[in-house]
Amino acid sequence: HISCQQKQNQGSPEALIGYSWLPILMNERLQTGHYCLPVALDKLPNKYSMHSPEKIPNQSPPIKWVDGHKGVFNVEIQAVSSVHTQDNHLDKFFALCHTLEGRVTFPIRILDQKIIEQDLEHELKLSIISLPSARLEPLVLFLHQVLDKLFQLTIQPMIIAGQTANLAQFTFESVVSIVNSLHNSPDLSKDQHGRNCLLMSYVYYVFRLPDSLKEMAKGGSATLPVFPESRYYTVGRSSAAFVGSRLMQSRILSSSNPDIAGTVALADEDTKNLTSSKQFHEELALQMVVSTGMVRENVFKYAWFFFELLIKSMAQYICQMDKQDSSRKLRFSDRFKDDVSTIVNVVTSEIATILVKQQKEVEQAEKINISLAFFLYDLLSLMDRGFVFNLIRNYCCQLSSKLQSMPTLISMRLEFLRILCSHEHFLSLNLFFITNLSAPASPCPSISSQNSSSCSSVQDQKIANMFELSADYRQQHFLIGLLFTELAAALDAEAEGIAKVQKKAVNAVLNLLCSHDLDSRYSKPKIKTKIAALYLPLIGIIMDALPQIYDFTDAHSKKTRSGGSDGDTDVSPINHSVALMIAGNPVNTMLRNTGMSYSSLQSKQVNPLAADASRTLLISFLWILKNADQTLLTKWASDLPVSQLNKILDLLYLCVSCFEYRGKATSDKVSTQALQKSKHTKARLEEVLLGNAGARGEMMKRCRGPGNERNFGINENLRWRKDQTQWRQGNERHEKTKADLDQEALISGNLVTEANLIILDTLEIIIQAITMSDCKDNVLGSVLRVLLHSLGCNQSSYYITHCFSTLRALITKYADLLFEEEAEQCSDMCQRILHHCSSSIDSTRTHACATLYLLMRQSFNIISNFARVKMQVTMSLASLVGKSSDFNEEYLRRSLRTVLAYAEEDEEMQPTMFPIQVEELLSNLNSILSDTVKMREFQKDPEMLMDLMYRLAKGYQTSPDLRLTWLQNMAEKHTKRKCYTEAAMCLVHAAALVAEYLSMLEDHKYLPVGCVSFQNISPNVLEESAVSDDILSPDEDGICSGRYFSENGLVGLLEQTAELFNTAYMFETVNEVYKVVIPIQEAHRDVNKLAHIHEKLKKAFDSITLKGAKRMFGTYFRVGFYGAKFGDLDEQEFIYKEPAITKLPEISHRLEAFYSQCFGEGKMEVIKDSCPVEKAKLDPNKAYIQITFVEPFFDDYEMKDRITYFEKNFNLRRFMYTTPFTKDGRPRGDLSEQYKRKTILTTLHAFPYVKTRINVIQKEEFILTPIEVAIEDMQKKTLELAVATHQEPPDAKMLQMVLQGSVGTTVNQGPLEVAQVFLAEIPENSNLFRHHNKLRLCFKEFIMRCGDAVEKNKHLITSDQKEYQQELKKNYNKLKENLRPMIGRKIPDLYKPIIKIQRASKESFKRSSFKKYESSLSNSQSS
């Protein structure tokens, strides 16, 4: 011991004080921790290290100590050792184990304790029990050794002091406690599933069977093995080695299974009572069965560890005993099988108990369920598979009987089956090489096979059975039958949270299909055909689920299909045999029958599937169709009823919509709200259908790079690593590079092509099938519908080429049916073909032209002319022009020239009129395209665009189908602009047009006579009258052939019209529309429709009552165009209808901005005033527009009929605007020189119309003199006073505001000033006498109204407004006094007696009334 304190004049700071020491090993244990040691002053004696400083014996000479042998030196020792545990519990345990292994003499010393032979067993048990109490750090460091010793003690029988010691229960409980401690420690790492990483490593890399079993394997049944010396021995006898060797020989007996007889009898009396060594897996299974209390609970909680131990020990046992080639039934004892059955039953019961009673522990139940599934998964590789199947069946039955919640039940069993189905020999386990055609005949043949005498009918029945989830199917294909049953149950169930379960079910099936495609063992087409045959019942399940599948045809709405095809009622979702099968009835020939039922299969209402689950189902459907035997599919389809065929076609239609190419912009979304998975899942979907060729193969190689194998979770070649398996699909979004997006776009395109080619192949199969049957009339239309839908979606040119080939074959083979029965489909076909005629891809245009020409030719050959096809092609082009914005006019013209060349070079058709008719048709199509060019130029000018569309529609006046098409196009454009009134008017015109031609076709009193029946809605509809000489008869072929030219079509148009009017707040017109509909529904006695109509009418009338004059219908402006730059619009005036509350600056800015963009900056100018435009003064290089606000104008006689607010805003043709001016050119002047010009404009049609601007056809102007302006102003003020006075309920603020403007002293150019200017003196000009008198009478009424208003205000004011009322009264009296002399002054000439009364016109009075005559004369002078 040294001192480091430096002193003065001392060279070295180190000074020797004394000596001390500490033995590092005491009682075979490291001395660590804090110590306070005494210090000796003299050098230490010899052999000092044999003793501790505190207890050293007396020495001679004696040792001198610092401070009288007291502890003065403090020291702390920390040991870093991989040999010494530094824990009492572990030290004792290892020491006792060491004692058992060596030759020792009792008593023995362990730590500070002496142990005699009789206490050895007790101390060993205590040591084992106390192991979990050891500190965690040393326990972790020596975990492998501790577990190895415990497992060896588990199967190692002992004779200690002449007594048999069985330590298996104690060691097992200790292991369970250690496992629990390790899992509960927050400091130890766990994997994503909560499993302790140390225990995982131990099981996977460290654990091996205890040595005794290996040594058993070395010896034969006739000779005893030779054992090494370093083994466990019984101690306390004269010859420990001899007894130990005899003990090792006795291991062939078992303490846990005393019935197992040994192969060699021991004669030595010392070992007769010994039991043999035990098989580790048997002892472990036994301990799991007999455990109780907390031990049992923890065994279930950490079942994964014990299951893994069990599996690994079984596998090593088989390997070391060379039982790989022996029968699976003989590998393990019957007692062990019973224990395994008990374990599975107990664990299943525990899962059900947790789910029923402990809802918070659902996650724990899921973990146990997964552990059990992996356990049975492994047992399939080790034990008799019939036995394991029995365990699986018992599991399913037990859960069914204890769980009532369908989502939980199905979810648990699905997770269980998903793991089992991931077995590398899954297909072999399901006997996929056996199909119903090759399997033995069923013991209970079907009714059809009993009644039929022909082999073909039996064969047909067998084929039909291959597509059903029958009991026979589940007997032969056990696991896949269970999975399909769960899938069907999940789709059929209806409960909260079932959507997740459905998704899990369909994903389980998809994962299986992916695994088959990725497995090199099954790459041959013949094998894939057999695999597909195994999955044929899935087609039936998907067909039954058709009403639930997400409707991909509308990407923006989340809806499901309302129902399947006709005849669905006779198809049960799941038959009774399926229910029995799930409940546990015979699924394997060796299994027992049970009488349990399965309630989940009762029929339920439709429960819609999510988009991603639907997509997964459809891709599984396509996989089966691609790989199944085509001959088999054809035979099956030929025997299907029409309703089932239509279901398949509906599924194919959905597949087309689902697998439409979305382009690069959306490829990172995988699908619009359909799949939100990682790129690996997308690659898997692609791989399912596409194999490994080209860029797709590269993608798959990349996905299978180092570290990615487990991301799929479906690789059949390797067993699942449970530490890496993703039990739950992750939804994490990854940042994607441009290369990833490009790659995904490429994959998406290839997937779409492959999916659609499969659909096309299936359609060919169905066409072949219906050719052999009599149902082609009913199915052909659905086939054509799917084909046309695929042509309408985004497709690759490769697919389009094949699709057109199929379409041409269909036209050639079934032309008569297509033209006669599928008129609407032919119309759609023409539109699709024309759309592809404008494609920029040469091959697509070539095939489209050939198909179009063939369509025309076949039509002509069948009915000697092709008027219908001609009409449909023209209508299709019109519709294409109106709706499609992506077609190329130049390419379309090229295609039309190609079709014309076909007609000219077709020698067979030259003698007929066919080439001439083709030429006429193409000429007409070209003219439509020319008009389209103009429309393209004005795409951003909505008013001009609607004018052009209106002109095109007008040009089709004699062609009702085309006019109807254009009216619908216009309605669609208006709806997009939210001009709902105009859209409704377009449909009113369309309905009037239909009614006009329908009245020619059908003579029913309840139908509208024609467009006359609609004139109450709008007088404009009379232009739809079919009265001209060139009107075609609707009886002529090809005319009025669309679906709207029928009663249902008419009613449909009118119902759409009513909805649009309702949206536009035109509730009054809703009533007029339904006046046409109601007689039709009454004639059909359709009470439900009538109730619906009257409900709509009630809502409309309630809305009128509620909203009334609060509605804003529109604002009107006069717009004049001036300048050569406007072309046809030059010097034309229009009335524009704009949305309500549109201000003049708004429309002015909009038009100025648009035309400035068209003509260039500085070339456009807005005329700010409303004065007449003098064109000579305008710049010819500029364009001018003049915009004026106008109001509807009505004559007095019109106002008698226009009573309501709606009537004053509907059916408007005359508008007025006023322009103030003075004689000297100024707009404003003094009262005596202020003139006003009134301009009344009349439009060509009444508003609202099918467009938002209408030409002005008449213009009238009236000039009011200053006194007439004054009369008009005073009449307006008087009216305002009257309205404010009699308003109900009274509005005090409004009344006071009007009064202030009438009697206030500060009012400029107020009533008093007007009177002083015009009534102060009698005019000299006699022509003004009448105006003077009229103004006097106006003031007389005005002052009376002011008095009424003041009196009314008196009753409305509050206490704090009395002074204000007095001021109003004072001003009123003052105004009245000032006006009194002027109001009382009469012109004598006007009141002379009249001898004779002249009747000027019809509009004059009818009786001899001077007052009336005076009024009439006054009006005529003012006009």
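First, a word on scope: everything that follows refers to the structure included in this document. (Residues numbered from 1 in each chain as written. Predicted model: local features only at pLDDT ≥ 70, side-chain atom pairs only at ≥ 80, totals over all residues. Heavy atoms only, no water.)

1. Quick notes on the packing of helix H25 (residues 611–627) against helix H27 (residues 642–658)
Working step 1: Relative orientation of the contacting elements H25 and H27 amounts to 115 degrees, with a least axis distance of 10 Å. As summarised for this structure, H25 and H27 are arranged roughly perpendicular, according to the angle between their axes. Between H25 and H27 lies a crossing of left-handed hand. Contacts between H25 and H27 involve Arg615, Leu618, Phe621, Leu622 and Leu625 on the former and, on the latter, Ile648, Leu651, Leu652, Leu654, Cys655 and Cys658. (Axes fitted to C-alpha atoms, helices over the stretch in contact; angles between N-to-C directions. Helix = DSSP H or I, 4+ residues; strand = E, 2+ residues; numbered from the N terminus. Parallel < 35°, antiparallel > 145°, perpendicular 65-115°, else oblique. Left-handed = near helix turned anticlockwise from the far one by under 90°. Contact = heavy atoms within 4.5 Å.)

2. What to know about the pattern of salt bridges
Working step 1: Overall, the coordinates contain 49 salt bridges when judged by the stated rule.
Working step 2: Note that glutamate 890 is salt-bridged to arginine 894, the shortest N-O span being 3.9 Å. Here the residue glutamate 890 and the residue arginine 894 both occupy positions in helix H38 (residues 889–905), the gap between them amounting to 4 residues, near one helical turn.
Working step 3: Taking relative accessible area as the criterion, glutamate 890 reaches 40% and is therefore assigned partly exposed.
Working step 4: Arginine 894 gets classed as partly exposed once you look at its relative accessible area, which sits at 38%.
Working step 5: One salt bridge in this structure joins arginine 1214 and glutamate 1260, with 3.4 Å as the shortest N-O distance. In this pair, arginine 1214 sits in strand S15 (residues 1212–1221) while glutamate 1260 sits in strand S17 (residues 1253–1264), placing the two residues 46 residues apart along the sequence.
Working step 6: In this structure glutamate 1260 comes out as partly exposed when scored by relative accessible area, which is 23%.
Working step 7: One network of salt bridges, with partners in common, ties together Glu943, Arg977, Glu1138 and Arg1150. (Salt bridge = Lys/Arg side-chain N within 4 Å of Asp/Glu carboxyl O. Buried < 20%, exposed > 50% of the residue type's maximum accessible area, 1.4 Å probe, protein only.)

3. Examining the environment of valine 509
Working step 1: For valine 509, the location among the structural elements is in helix H21 (residues 498–518).
Working step 2: With a relative accessible area of 2%, valine 509 lands in the buried category.
Working step 3: A sequence separation of 91 residues divides valine 509 from arginine 418, and the C-alpha atoms of the two residues are 8.4 Å apart.
Working step 4: Contact partners of valine 509, with chain neighbours within four places excluded, come to Leu483, Phe484, Leu487, Leu538 and Ser620.

4. Observations regarding the environment of cysteine 421
Working step 1: Checked against the element boundaries, cysteine 421 lands in the loop between helix H15 (406–420) and helix H16 (426–429).
Working step 2: Since its relative accessible area comes to 1%, cysteine 421 is described here as buried.
Working step 3: For the pair formed by cysteine 421 and leucine 479, sequence separation is 58 residues and the distance between their alpha carbons is 6.9 Å.
Working step 4: Residues within four places of cysteine 421 in sequence aside, it is in contact with Phe426, Leu479, Leu483 and Leu512.

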